Amino acid sequence: MAEAIRAQLGRLEAYSTFGDLANEPATRLASLLSELAPVEDGRVFLTSGGGDSVDTAVKLARRYWRVLGQEDRKVILSRRGSYHGTHGFGTSITGLDDIREGYGPLLVDTQQVERDSAEALEATIAELGAANVAAFFVEPVTGAGGVYPPSASYMEAVGEVCRRSGVLLVVDAVICGFGRLGTWFGAERWNVSPDMIVFAKGVTSGYLPLGGVVVSWRVAEPFWTDPSVPILRHGATYAGHPVCCAAALKNIEILDRDGLIGRGRDLEAPLFDALSQLTTLSGVDEVRGGVGAMAAVEVSAELLSRNPAAPSDIAMKARDHGLLVRGLASSVCVSPPLTATDEHIELIADGLGSAFAEAEADVGLSRAV
Ligand SMILES: Cc1ncc(COP(=O)(O)O)c(C=O)c1O
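How each quantity is defined
- Residues numbered from 1 in each chain as written.
- Predicted model: local features only at pLDDT ≥ 70, side-chain atom pairs only at ≥ 80, totals over all residues.
- Heavy atoms only, no water.
- Helix = DSSP H or I, 4+ residues; strand = E, 2+ residues; numbered from the N terminus.
- Buried < 20%, exposed > 50% of the residue type's maximum accessible area, 1.4 Å probe, protein only.
- Pairing = 2+ DSSP bridges.
- Axes fitted to C-alpha atoms, helices over the stretch in contact; angles between N-to-C directions.
- Arc of directions from axis to C-beta.
- Contact = heavy atoms within 4.5 Å.
- Salt bridge = Lys/Arg side-chain N within 4 Å of Asp/Glu carboxyl O.
- Near = heavy atom within 4 Å.
- Polar contact = N/O pair within 3.5 Å; in protein donor to acceptor, adjacent residues only side chain to side chain.
- Areas by Shrake-Rupley, 256 points an atom, 1.4 Å probe, with all protein chains shown as cover.
- Nonpolar A, V, L, I, M, F, W, Y, C, P; charged D, E, K, R; others polar.
- Phe/Tyr/Trp six-rings, centres within 6.5 Å; stacked < 30°, edge-to-face > 60°.
- Lys NZ or Arg CZ within 6 Å of the ring centre and 35° of its normal.

Undergrad: I'd like to hear about the environment of L21, residue by residue, with values.
TA: Relative to the assigned elements, L21 resides in the loop between α1 (2-11) and α2 (24-36). For L21, a relative accessible area of 42% translates into the label partly exposed.

Undergrad: Lay out the sheet that holds strand β1 (residues 43-47) with the relevant residues and their values.
TA: Strand order in the open sheet formed by seven strands is β1-β7-β6-β5-β4-β2-β3, and the pairing between neighbours is mixed. Edge positions in the sheet fall to β1 and β3 (110-113), since each of these pairs with one other strand and no more. Here the strands of the sheet are splayed against their neighbours by 20 degrees on average, with no regard to which way each runs. Here strand β4 (residues 133-138) runs beside strand β5 (residues 168-172); their pairing, made up of four bridges, is parallel. Note that in β5 the partner of A135 across the bridge is L168.

Undergrad: Hey, could you go over helix α12 (residues 310-319) for me, with residue numbers and the actual values?
TA: Within α12 the residues assigned to the buried category are A310, P311, I314, A315, K317 and A318. The buried residues of α12 all sit within an arc of 165 degrees when viewed along its axis, so they share a single face. Contacts from the buried residues of α12 go to β9 (295-299), α11 (301-306), β10 (326-327), β11 (331-334) and α13 (342-362).

Undergrad: Which residues make up the pattern of salt bridges, and what values go with them?
TA: As enumerated under the stated definition, the model contains 16 salt bridges in all. A salt bridge links E3 to R6; the shortest N-O distance between them is 2.4 Å. With a gap of three residues between them, E3 and R6 both fall in helix α1, about one helical turn apart. When sorted by exposure, E3 lands in the same class as R6, which is exposed. Salt bridges sharing common partners tie together E122, E160, R163 and R164.

Undergrad: Explain the site of the ligand residue by residue, including any values.
TA: Every residue lining the ligand is accounted for by G49, G50, G51, Y83, H84, G85, E139, D172, V174, I175 and K201. At a separation of 2.7 Å, an oxygen atom of the ligand approaches a polar backbone atom of G51. Between K201 and the ligand, the recorded distance is 2.9 Å, taken from a side-chain N or O atom to an oxygen atom. Bound to the protein, the ligand loses 81% of the 390 Å² it would expose on its own. Here the shell around the ligand is built from residues that sort into three nonpolar, five polar and three charged.

Undergrad: Requested: an account of the packing of aromatic side chains, with residues and values cited.
TA: Evaluated as defined, the whole model comprises six aromatic pairs. Measuring from centroid to centroid gives 6.1 Å for F178 and W184, while their planes differ by 80 degrees, and the two rings are edge-to-face. The exposure class assigned to F178 is buried, which follows from its relative accessible area of 4%. Judged by its relative accessible area of 14%, W184 falls in the buried class. Relative to F199, the ring of F185 lies with its centre 6.0 Å away and its plane at 80 degrees, an arrangement referred to as edge-to-face. Residue F185 is located in the loop between β5 and β6 (196-199), and its partner F199 is located in strand β6; the two are separated by 14 residues in the primary sequence. Of the residues examined, F199 reaches a relative accessible area of 0% and is grouped as buried. Ring-pair connections join several aromatic residues into one group, and the members of that group are F178, W184, F185 and F199. When the ring centre of Y148 is taken as reference, the NZ or CZ atom of R115 above it lies at 3.5 Å.

Undergrad: Break down the sheet that holds β10 for me, with residues and values.
TA: The antiparallel open sheet is built from four strands, whose spatial order is β8-β9-β11-β10. Every interior strand has two partners, whereas the edge strands, β8 (284-288) and β10, have only one. As defined by bridge partners, β9 adjoins β11 across four bridges and the pair is classed as antiparallel. Paired with A296 across the strands is C333, a residue of β11. The strands that α13 touches are β8, β9 and β11; relative to β11, the one it contacts most, it runs at about 160 degrees.

Encoded structure:
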């Protein structure tokens, strides 16, 4: 990675992708991502990260309907409990109250629907009128919202609701992509046809900031083929930065070469099984996971009532056991590297078990046998 980044810095250190200009790593990356994505004849809009990409997808969705003469299709739906970044549109559609609150009025014409119910999505679209709904954003496994995998038929069912109502289906794969769920874009795990896929994080494995949106031909076409359509005046200075794109290209080569993409799937059962052993603890209510290399341990209501800061306390204690985990509102979540081995999974379960036991002892909660 360092070599690829250094080499690109020596060739072309910076160049924007505005108007008709681009740079070679950006166009190569766009073509490669378009080939890898489960999207019909996709085009790729590059950005600087996940938040940029979510905002790009919201604007594209709204502009798309406007260009088709259906200005009323404005409402952006998303799921309760989902996270879509900290930018303006992303904050507005995020389904976590503590992320949305404290800024005054956010974007109007957004609404969140029940997390795991295609019926709720269908009812909301019916209530609003499909002719008023632009898109539905779905994070297949909600990450920052506490690792809730979708129920078995959820993704296909919402795909079908979107297809029937004409609403654009946008998959936010910022966490779920690049191997986390065992596929390139996460969405391949289900029989769905996304109209757009938002990606970031894993596209460079975090070496340099980059994100983007894979846009299906359905959405791209009017911008591409109709000269009367006004140019899409949207794009950031560092979008398609050649050095970031060179890092992404090398990263994708390594993920492919080392068989890392499938690892998310290989790790899901061992991780879930190892953590499920913690359900015997009185500080644990449930363990969620089993879809991709990510899981969450829900802190019990009893422990939370005695110590509302238990999740972050447990995350701090886990550091003493060699683990970096994340404390969320009521759970502790883990997302190990795709290179994790059985030994690492054991370390995660043991370390978290010890951290939970210490948090229970702090508040005099007896350990279950
Ligand atoms: C699902 C999802 N979407 C969007 C974002 C925002 O990405 P970024 O932090 O790169 O702006 C995140 C970040 O964690 C995310 O998890």
